[in-house]
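Residue strings, one per chain:
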Amino acid sequence: QVQLVESGGGLVQAGGSLRLSCAASGRTFSSYGMGWFRQVPGKERETVAAINRSGGSTYYADSVKGRFTISRDNAKNTVYLQMNSLKPEDTAVYYCAAPKLSKSYYYTLAKEYDYWGQGTQVTVSS
């Protein structure tokens, strides 16, 4: 059974940085792309970033491009989201996710992901 556990969230001032981690278990991590999403109450879950299984190809939402970096360490079964220059509008619960199918590319839509972590709260104060 695939399990995803996020960590690294917290409270930070605007302009600050945080690094989120997502530890995966239950299958061969390096065979699957991964994604980071975020959600605020009353809104749909938003795609933040995605990465393919090798780590050589990435996707970013326009709202985070140039400030966030997704990466992965297949030896540690972990995907990361480095968040710099944080803004109050980045405040949300952040989730990592994994698809059921193994593809060479990444998925960008939440509906394409089958496994989700429990989420970690990121709060950016102004």
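Here, the structure is the one placed above.
As a starting point, this report considers the structure included with it. (Residues numbered from 1 in each chain as written. Predicted model: local features only at pLDDT ≥ 70, side-chain atom pairs only at ≥ 80, totals over all residues. Heavy atoms only, no water.)

1. A closer look at the overall build of the protein
For the protein, the count of helices and strands is zero helices and 11 strands. Reading the helices (α) and strands (β) of the protein from amino to carboxyl end gives β-β-β-β-β-β-β-β-β-β-β. Relative to a compact globule of 126 residues, whose C-alpha radius of gyration would be 14 Å, the protein shows 13 Å and is just as compact. Along the longest, intermediate and shortest principal axes, the C-alpha atoms of the protein span 40 × 30 × 25 Å. A burial count over the protein gives 41% of its 126 residues as buried. Within the protein, residue pairs in contact and separated by at least 24 positions form 59% of the contacts whose partners lie at least 6 positions apart. Within the protein, the 9 negative side-chain charges are centred at a point lying 5 Å from the centre of the 14 positive side-chain charges. (Helix = DSSP H or I, 4+ residues; strand = E, 2+ residues; numbered from the N terminus. Rg over C-alpha atoms; globule rule 2.2 N^0.38 Å. Buried < 20%, exposed > 50% of the residue type's maximum accessible area, 1.4 Å probe, protein only. Contact = heavy atoms within 4.5 Å. Lys, Arg positive; Asp, Glu negative; His and termini not counted. Charge placed at Lys NZ, Arg CZ, Asp CG, Glu CD.)

2. What about the packing of aromatic side chains?
Summed over the entire model, instances satisfying the criterion amount to seven aromatic pairs. Ring geometry for Phe37 and Trp116: centres 4.9 Å apart, planes at 55°, overall tilted. Here Trp116 lies in strand E10 (residues 115-116) and Phe37 lies in strand E4 (residues 34-39), a separation of 79 residues in the sequence. By relative accessible area, which is 28% here, Trp116 ends up partly exposed. When the ring of Tyr107 is compared with that of Tyr113, the centres are 6.1 Å apart and the planes differ by 80°; the resulting orientation is edge-to-face. Each member of the pair, Tyr107 as well as Tyr113, carries the same accessibility label: buried. Geometry around Tyr95 places Arg45 over its ring, the cationic atom sitting 3.9 Å from the centre. (Phe/Tyr/Trp six-rings, centres within 6.5 Å; stacked < 30°, edge-to-face > 60°. Lys NZ or Arg CZ within 6 Å of the ring centre and 35° of its normal.)

3. Section: the sheet that holds strand E1 (residues 3-7)
Taken in spatial order, the four strands of this open sheet run E1-E3-E8-E7, and their pairing is antiparallel. Strands with a single pairing partner mark the edges of an open sheet, and in this sheet they are E1 and strand E7 (68-73). Mean inter-strand twist for the sheet, computed between neighbouring axes without regard to direction, equals 15°. (Pairing = 2+ DSSP bridges. Axes fitted to C-alpha atoms, helices over the stretch in contact; angles between N-to-C directions.)

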